[in-house]
Amino acid sequence: MSMYGYSDALSQGTSFNARINNFNDGVLVHNQKLQDTYDAKVKAQPGKLAGDTRQKDEDEAFYGFKDGTGVLSAGVGVGAMAKGIGQKGFRAYAGDETVGRLNNIKSTARALVKGEPTPPPAAMELGEIGNDGKVVEGTAGRTIDQAAANIKTAKNLAGAGGQAVEQTAERESSGLMTAAIKKGLKVASAGKIGDAGLSALSEVGGKVIGDFSGGLDVGKSISNLVEGKNVFSGETTADKFQEAGAIADVAGIAFPPLEVLGGVLNITGGIMDAVTDLKGDQDQKNKDAAAPPPPKKTAVKVTPAFQSLGLVASSLPSAKSQIVGGGSF
């Protein structure tokens, strides 16, 4: 081999070794990144599992309370309606419930505007007049002095402008949730809010809480109509049940039997939602519990200079292919 040929081969070998070294440096950096990512996943796995377990427990508690109270409320409503229909027939039952609800709404509205009505003072039954000029106790056991005290009390009440006088019978709540809200508000306000105010707040609050999910679905359906889409586009079966339940529940303000139907539809959709969410929690927990796959590292190349050490060498580039522009390694 001529000196020129030897020098040229040496130059090509050196250049090839440099390219191999650059390639290997990149491979090592890439492999290290894969290893670091893998190590981070392994280290974070216990924390993710703990978070998944906590999320699952929280969802179970939330849906257990929400759907449990919903089932109880719907069950009571269905039972009361079945009993009423059995005793009166559907038409008479529905008529009585509707009249009672409208009267309750009218009474509440009037009390909110004008205040609670002041009950008249108790009737005073007096006996015959005795020899001493005083009235002998009658059937109610009252004397003139007691009667005078009652009259004075009545005048004081009237002079106070008909302010808060506790009614002997509270307004009936439309369901278990509204009844619970009303009692809670009564305790929290320490009796400073009248029965009409408590009824109004509890009924509105009960509707908002009970129909929140369904109300969102109704809004989504309206948006779909405005955009020219299918009214149920993007909704699950559970969403459709809750949407129908919310509509029926709101309509039930004036026609109470629809409230019962709305409650059944709402709880059906809620249970379906719970099953879906809890299944998703378990799937995520199973996914995070699986060991992360080991990194797939890229092998480095070996230059011919190390062939004598027993390593498999990468081939030198062809001089001909380099001349024609097809050189590669």
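Scoring rules and cut-offs
Residues numbered from 1 in each chain as written. Predicted model: local features only at pLDDT ≥ 70, side-chain atom pairs only at ≥ 80, totals over all residues. Heavy atoms only, no water. Helix = DSSP H or I, 4+ residues; strand = E, 2+ residues; numbered from the N terminus. Buried < 20%, exposed > 50% of the residue type's maximum accessible area, 1.4 Å probe, protein only. Contact = heavy atoms within 4.5 Å. Phe/Tyr/Trp six-rings, centres within 6.5 Å; stacked < 30°, edge-to-face > 60°. Salt bridge = Lys/Arg side-chain N within 4 Å of Asp/Glu carboxyl O. Patch = residues over 30% accessible without salt bridge, like charges linked within 9 Å, V, L, I, M, F, W, Y side chains within 5 Å. Areas by Shrake-Rupley, 256 points an atom, 1.4 Å probe, with all protein chains shown as cover. Axes fitted to C-alpha atoms, helices over the stretch in contact; angles between N-to-C directions. Parallel < 35°, antiparallel > 145°, perpendicular 65-115°, else oblique. Left-handed = near helix turned anticlockwise from the far one by under 90°. pLDDT = per-residue confidence, 0-100. Expected span 1.5 Å × (residues − 1). Nonpolar A, V, L, I, M, F, W, Y, C, P; charged D, E, K, R; others polar. Lys, Arg positive; Asp, Glu negative; His and termini not counted. Polar contact = N/O pair within 3.5 Å; in protein donor to acceptor, adjacent residues only side chain to side chain.

## Some points on the overall build of the protein chain
Part 1 of the argument: For the protein chain, the count of helices and strands is nine helices and zero strands.
Part 2 of the argument: When the helices and strands of the protein chain are listed from N to C terminus, the series reads α-α-α-α-α-α-α-α-α.
Part 3 of the argument: A total of 329 residues make up the protein chain; the buried ones form 22% of that total.
Part 4 of the argument: Across the protein chain, contacts joining residues at least 24 apart in sequence account for 65% of those joining residues at least 6 apart.

## As for the packing of aromatic side chains
Part 1 of the argument: For the structure shown, the criterion picks out one aromatic pair.
Part 2 of the argument: With a centroid separation of 5.1 Å and an interplanar angle of 70°, the aromatic rings of Phe62 and Tyr63 are classed as edge-to-face.

## Considering the pattern of salt bridges
Part 1 of the argument: Enumeration over the complete set of coordinates arrives at nine salt bridges.
Part 2 of the argument: Ionic pairing is found between Lys56 and Glu60, a salt bridge with its closest N-O pair at 2.7 Å. Of this pair, Lys56 and Glu60 both sit in helix α1 (residues 3-88), four residues apart, which is roughly one turn of that helix.
Part 3 of the argument: Put simply, Lys207 and Glu259 hold a salt bridge, and the shortest N to O gap is 2.7 Å. Of this pair, Lys207 sits in helix α5 (residues 195-210) while Glu259 is found in helix α8 (residues 257-289), placing the two residues 52 residues apart along the sequence. When sorted by exposure, Lys207 lands in the same class as Glu259, which is buried.

## As for a nonpolar patch on the surface
Part 1 of the argument: A cluster of nonpolar side chains, Leu102, Ile105, Val250 and Ile253, forms an exposed patch at the surface whose accessible area comes to about 310 Å².
Part 2 of the argument: With respect to the element layout, Ile105 can be found in helix α2 (residues 90-114).

## Describing the packing of helix α4 (residues 176-188) against α5
Axes are the key here: two packed helices are described by the angle between their axes and the distance separating the axes.
Part 1 of the argument: Closest axis-to-axis distance for the α4/α5 pair is 8 Å, and the angle between their directions is 130°. Judged by the inter-axis angle, α4 sits oblique to α5. Two packed elements cross with a definite hand, and for α4 against α5 that hand is right-handed. Each of Met177, Thr178, Ile181, Lys182, Leu185 and Lys186 in α4 lies in contact with α5, whose residues at this interface are Asp195, Leu198, Ser199, Leu201, Ser202, Glu203, Gly205, Gly206, Ile209 and Gly210.

## Focus: the confidence of the model for the protein chain
Part 1 of the argument: In the predicted model, the protein chain carries a mean pLDDT of 75, and 72% of its residues have values of at least 70.
Part 2 of the argument: Throughout residues 138-144 the model reports pLDDT below 50, and contacts reaching past four residues in sequence, or to other chains, amount to 17 contacts.
Part 3 of the argument: Overall, residues 315-329 carries pLDDT values under 50, and its contacts beyond four positions in sequence, including any with other chains, amount to 19 contacts.

## Structural notes on α5
An α-helix turns once per 3.6 residues; consequently, residues spaced three or four apart project the same way.
Part 1 of the argument: End to end, α5 covers 22 Å across 16 residues, agreeing with the expected 22 Å (1.5 Å per residue, within 8%).
Part 2 of the argument: For α5, every residue scored as buried is listed here: Asp195, Ala196, Gly197, Leu198, Ser199, Ser202, Gly206 and Lys207.
Part 3 of the argument: As for α5, its buried residues are in contact with α2, α4, α6 (212-226), α7 (237-251) and α8.

## Considering the packing of α7 against α8
Part 1 of the argument: Orientation of α7 relative to α8, taken along the N-to-C sense of each, is 160°, at an axis distance of 7 Å. For the element pair α7 / α8, the angle class is roughly antiparallel. In the crossing of α7 with α8, the sense of the turn from one axis to the other is left-handed. Two secondary-structure elements touch here, α7 through Thr237, Ala238, Asp239, Phe241, Gln242, Ala244, Gly245, Ala246, Ala248, Asp249 and Ala251 and α8 through Leu258, Glu259, Gly262, Leu265, Asn266, Thr268, Gly269, Gly270, Met272 and Asp273.
Part 2 of the argument: In terms of residue class, the contact of α7 with α8 is built from nine nonpolar, eight polar and four charged.

## Regarding the environment of Met81
Part 1 of the argument: In this structure, Met81 sits in helix α1.
Part 2 of the argument: As for Met81 and Glu97, which are separated by 16 residues in sequence, their C-alpha atoms are 9.7 Å apart.
Part 3 of the argument: The contact partners of Met81, leaving out residues within four places of it in the chain, are Tyr93, Pro257 and Val260.

## Quick notes on the side chain of Asp239
Part 1 of the argument: Locating Asp239 in the fold gives a position in helix α7.
Part 2 of the argument: Here Asp239 sits buried without a salt bridge, and the closest side chain of opposite charge, Lys220, lies 4.3 Å off (N-O distance).

## Some thoughts on the side chain of Glu235
Part 1 of the argument: Looking at the secondary structure, you find Glu235 in the loop between α6 and α7.
Part 2 of the argument: Buried within the structure, Glu235 lacks any salt-bridge partner; Lys220 is the closest side chain of opposite charge, at an N-O distance of 5.4 Å.
Part 3 of the argument: Within the local environment of Glu235, its side chain forms a polar contact with the side chain of Ser221, the two groups lying 2.8 Å apart.

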